[in-house]
Protein chains: 2
Amino acid sequence: MLKLRTSDADFESKFARIVRDRRESDAQVGRDVATILNEVRERGDKALVEFTTRFDQHNLSSDEDWGISKEACKAAYDRLDTELREALETAAARIRAYHEGQLPQDRDYTDEIGMRLGARWSAVEAAGLYVPGGRAAYPSSLLMNAIPAKVAGVERLVVTTPTPGGEANDLVLAAAHVASVDEIWRVGGAQAIAALAYGTERIKRVDVVTGPGNAWVAEAKRQLYGVVGIDMVAGPSEILVIADKDNNSEWIAADLLSQAEHDPTSQSILITDDAGFAAQVEDAIDLEFLKLPTAKTAKASWDDHGLIVIVDSLDEAPALSDRLAAEHVEIATADPEAIFAKLRHAGSVFLGRMTPEAVGDYIAGPNHVLPTGRRARFASGLSVLDFMKRTSFIGASDDALKAIGPAAVRLAEAEGLPAHALSISRRLS
Amino acid sequence: MLKLRTSDADFESKFARIVRDRRESDAQVGRDVATILNEVRERGDKALVEFTTRFDQHNLSSDEDWGISKEACKAAYDRLDTELREALETAAARIRAYHEGQLPQDRDYTDEIGMRLGARWSAVEAAGLYVPGGRAAYPSSLLMNAIPAKVAGVERLVVTTPTPGGEANDLVLAAAHVASVDEIWRVGGAQAIAALAYGTERIKRVDVVTGPGNAWVAEAKRQLYGVVGIDMVAGPSEILVIADKDNNSEWIAADLLSQAEHDPTSQSILITDDAGFAAQVEDAIDLEFLKLPTAKTAKASWDDHGLIVIVDSLDEAPALSDRLAAEHVEIATADPEAIFAKLRHAGSVFLGRMTPEAVGDYIAGPNHVLPTGRRARFASGLSVLDFMKRTSFIGASDDALKAIGPAAVRLAEAEGLPAHALSISRRLS
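Computed from a prediction, not measured in an experiment: that's the story for all the values here. (Residues numbered from 1 in each chain as written. Chains lettered and ligands numbered in written order. Predicted model: local features only at pLDDT ≥ 70, side-chain atom pairs only at ≥ 80, totals over all residues. Heavy atoms only, no water.)

S.K.: I'd like a rundown of the overall build of chain A, residues and numbers included.
M.R.: Regarding its fold elements, chain A presents 18 helices and 15 strands. Burial status across chain A gives 61% buried among its 429 residues. Put simply, of all contacts in chain A between residues at least 6 apart along the chain, 75% involve residues at least 24 apart. Of the accessible surface of chain A, which amounts to about 15600 Å², a share of 49% is contributed by carbon and sulfur atoms. When the 47 positive and 66 negative side-chain charges of chain A are each reduced to one mean point, those points stand 6 Å apart. (Helix = DSSP H or I, 4+ residues; strand = E, 2+ residues; numbered from the N terminus. Buried < 20%, exposed > 50% of the residue type's maximum accessible area, 1.4 Å probe, protein only. Contact = heavy atoms within 4.5 Å. Areas by Shrake-Rupley, 256 points an atom, 1.4 Å probe, with all protein chains shown as cover. Lys, Arg positive; Asp, Glu negative; His and termini not counted. Charge placed at Lys NZ, Arg CZ, Asp CG, Glu CD.)

S.K.: A description of unusual backbone geometry should follow, citing residues and the corresponding values.
M.R.: If a residue is not glycine, its phi is most likely negative; likewise, a peptide bond is most likely trans. Not every positive phi belongs to a glycine, and Ala-325 of chain A is a case in point at roughly 45 degrees. Residue Ala-325 of chain A is classed as buried on the basis of its relative accessible area, which comes to 0%. Even without being a glycine, Ser-180 of chain B presents a positive backbone phi close to 55 degrees. Mapped onto the elements of the fold, Ser-180 of chain B is located in the loop between α8 (170–178) and β7 (183–185). Looking at Ser-180 of chain B, the relative accessible area reads 42%, which means it is partly exposed.

S.K.: Quick rundown of the relation of the copies chain A and chain B? Include the residues and the values.
M.R.: Overlay of chain A on chain B (RMSD 0.0 Å): rotation 180 degrees, translation along the axis 0.0 Å. The superposition of one copy onto the other is thereby described by a two-fold rotation axis. The fraction of interface residues of chain A whose copies in chain B are also interface residues reaches 99%, indicating that both copies meet through the same surface. (Least-squares fit on C-alpha atoms with pLDDT ≥ 70 in both.)

S.K.: Please give an account of the sheet that holds strand β3 (residues 107–110) of chain B that cites residues and values.
M.R.: The strand order β1(A)-β12(A)-β11(A)-β10(A)-β13(A)-β14(A)-β15(B)-β4(B)-β3(B) describes an open sheet built from 9 strands, whose pairing is mixed. Of all strands in the sheet, those bounded by a partner on one side alone are β1 (2–5) of chain A together with β3 of chain B. Going across the sheet, the axis of each strand differs from the next one's by a mean of 15 degrees, ignoring polarity. Pairing geometry for β1 of chain A and strand β12 (residues 307–310) of chain A, over 4 bridges, is parallel. Bridge assignment links Leu-2 of chain A to a residue of β12 of chain A, and that residue is Leu-307 of chain A. Packed on one face of the sheet, helix α1 (residues 11–20) of chain A meets β1, β11 (267–272) and β12 of chain A and runs near 135 degrees to β1 of chain A. (Pairing = 2+ DSSP bridges. Axes fitted to C-alpha atoms, helices over the stretch in contact; angles between N-to-C directions.)

S.K.: Give a description of the UniProt feature "active site" (unreviewed entry) in chain A that names residues and reports values.
M.R.: All names here are of chain A. Summarizing the sequence annotation, UniProt attributes the feature "active site" (unreviewed entry) to Glu-327 and His-328 in the numbering used throughout. Exposure remark for Glu-327: the relative accessible area of 6% places this residue in the buried category. Setting aside its immediate chain neighbours within four residues, Glu-327 contacts Pro-236, Ser-237, Glu-238, Gly-347, Ser-348, His-368, Leu-370, Pro-371 and Thr-372. Side chain to side chain, Glu-327 and Ser-237 meet in a polar contact 3.0 Å long. Inspection of the secondary structure assignment puts His-328 in strand β13 (residues 328–332). Owing to a relative accessible area of 2%, His-328 belongs among the buried residues under this scheme. With residues near it in sequence (within four places) discarded, His-328 still touches Ser-237, Glu-238, Ile-239, Leu-240, Gln-259, Ser-348, Phe-350, Glu-357, Asp-361 and Leu-370. A distance of 2.9 Å separates a polar atom in the side chain of His-328 from the backbone oxygen of Glu-238. (UniProt positions renumbered as here; feature names shortened; annotations may be inferred. Polar contact = N/O pair within 3.5 Å; in protein donor to acceptor, adjacent residues only side chain to side chain.)

The structure is reproduced here in structure tokens:
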């Protein structure tokens with residue numbers, strides 16, 4: 001963990017380095033991924049069988065080896081204890097309600113010269129959702145990806161997930177049942193992304209691929225961007241907490257650790273105007289390492305990437321926070337609105353002392369798939385818009401074409417495009 | 001040019017191949033581009049000087065060699081003849097008006113349990129716009145990229161453009177004046193994209209890069225996707241015209257040629273229910289090749305990629321068109337609405353006999369930067385949203401956290417994330 005004071009002489013150079021650093025490991029997976037993508041494109045299911053045997057020790061032969069049925073998802077859901085089932089349903093209902101409010105409006109109007117103009121939104125036909133196997137197989141991620149797709153109107157929602165040794169995660173299957181997923185395929189890694197993008201004999205291609213994954217999955221999505229739509233190039237999770245001294249230091253410590261426990265490369269940052277409070281939070285974090293089951297991961301993250309910035313005044317916080325453009329920003333002050341009004345670059349903001357970031361991970365309603373690695377400067381969280389596209393339209397009346405056609409002809413001629421000009425001038429004569 | 005009839009026995013296999021084919025040339029530029037990006041990242045302006053000397057025969061030394069001032073743009077604007085200046089202004093005003101209607105609404109509400117939820121949109125701080133040199137330096141493209149950025153609220157709009165031998169295009173400079181571009185740099189190719197994404201001593205980095213370019217520029221954008229936001233991986237232009245026999249065959253011929261004249265890899269497609277009309281259009285196109293100044297390009301495009309599909313009934317057209325998911329779709333029938341209602345995948349649609357596609361290229365108002373290569377299945381045209389991002393926010397009251405916190409705790413525990421659970425449960429006790 002690094003502790004900086006804005007009043008220190010070397011603050012700017014140290015802080016600038018943190019802003020510049022990327023925590024993504026630049027793994028040399030590009031070429032391997034390119035090979036896998038090409039194999040799946042050329043040889044389809046045969047390649048999937050080989051890669052799945054090699055990487056997941058799972059043999060794809062019978063229908064049951066290949067896919068998981070809706071009935072199996074329903075059965076997994078029925079096996080959950082009532083409380084957990086209800087928690088999943090509450091989360092799903094709240095996520096659905098929030099995302100329904102994102103549905104865009106069509107436009108259709110006729111302007112003053114009689115030109116009809118507009119834009120019509122429609123859903124993509126099919127979306128693919130990658131669900132990692134093992135530790136990172138989170139049912140909450142399935143809900144956060146699947147529900148916006150369904151709200152958008154996607155007809156065919158396909159999940160691919162590795163099931164090493166054939167083992168699937170019951171909670172994920174239950175979440176797939178709750179989110180009305182249409183197909184689940186037992187395929188993982190870059191080969192799954194290739195199957196979704198190109199299609200194979202068994203797995204029909206989709207239009208958009210979303211969902212988290214390891215470096216191979218992320219690289220496969222990056223390489224296939226343009227062949228399909230993708231959500232985002234995602235990196236390690238991050239939280240930035242802006243807190244005054246009137247906070248419970250144990251609460252803030254838990255908030256910082258809730259990101260640190262995700263991954264050793266996660267980053268937790270505290271900005272406070274009180275050095276004494278910072279010390280209390282540090283102590284609370286150290287105490288937690290003695291008992292937290294995820295302490296090993298959390299400690300690695302905090303030791304390597306943790307950051308405390310002591311400011312003279314919290315007025316400095318919004319500008320510092322904007323430079324870090326963090327995925328999650330908590331504002332734990334008496335008047336969070338005052339700081340929020342000055343913030344510009346953040347994936348999601350958590351207002352006030354009673355809004356821990358984790359409430360947004362599961363159940364508040366907004367999406368937890370958010371831009372990381374300073375990308376909140378230009379990117380947004382996942383939304384129904386990621387599963388929709390817009391078709392603009394133009395309808396010219398005779399009068400409208402007469403009114404503006406000559407100007408278009410002039411521009412086309414100036415650009416050296418005579419057929420463009422001709423297509424208008426012929427209609428005007 | 002290929003002519004197919006849906007009633008032919010081999011129609012499906014031939015049509016399916018066209019849908020599958022990509023016309024993008026898969027140039028082996030990936031490694032070269034990676035080298036250039038790395039050089040600019042590491043050595044900044046020095047690398048720009050070297051590449052610009054090598055590729056553009058232009059020596060970057062004085063301030064005037066590096067940049068083009070706002071005064072120079074104003075002077076270029078003043079040099080234009082009045083008619084052309086007015087055409088630029090009309091286009092700019094209409095593009096601005098249409099894009100202002102795209103500005104998204106913020107959300108801020110408190111739900112039934114007392115949870116405040118919302119989303120706030122904001123512009124990116126800086127956007128970079130690539131403008132190709134030479135033949136493809138279109139002032140209309142500058143307007144179509146720059147105006148949405150300015151409407152979104154981007155403070156710093158940077159243009160990079162190669163000026164081989166120092167020569168800049170007066171029309172482009174005039175358009176930059178009209179669109180209130182803030183900076184213009186005489187740098188092109190992959191090195192320009194690198195400068196925009198990473199920043200150099202002279203050129204400060206931006207958040208989003210848009211604009212057309214050659215294969216090197218496109219590959220640079222693809223490789224830097226995630227470091228900056230980008231608009232789209234764009235391919236050759238395409239038009240699909242759905243027309244009955246009651247059209248002027250010369251008008252439709254001009255429409256098809258208006259895409260063909262862009263590039264030898266452009267694609268023009270006619271779907272009609274009348275073989276006689278198709279023959280008339282063919283004849284009109286052949287006649288045009290004898291006199292069109294752009295005939296060489298247009299003929300190459302039409303010969304290699306042109307397509308006529310004769311259908312038994314225009315009722316077949318929407319499904320065929322959706323499979324091709326073309327950038328531009330013209331519906332030249334008496335009741336275009338009937339066909340438009342059944343269309344789903346298209347970049348932009350042109351309704352009725354008096355709406356040639358070219359009117360949308362210049363002056364109608366909607367953006368002419370549109371998804372190509374079947375990407376209208378999942379992608380949209382350029383809009384103000386490409387220059388904005390959304391920050392979601394959550395504010396929990398005590399009661400709201402009490403109402404849904406326990407369910408979140410249950411889910412966090414089930415996912416094996418105890419610090420997540422702790423950050424909520426501590427606040428509940």
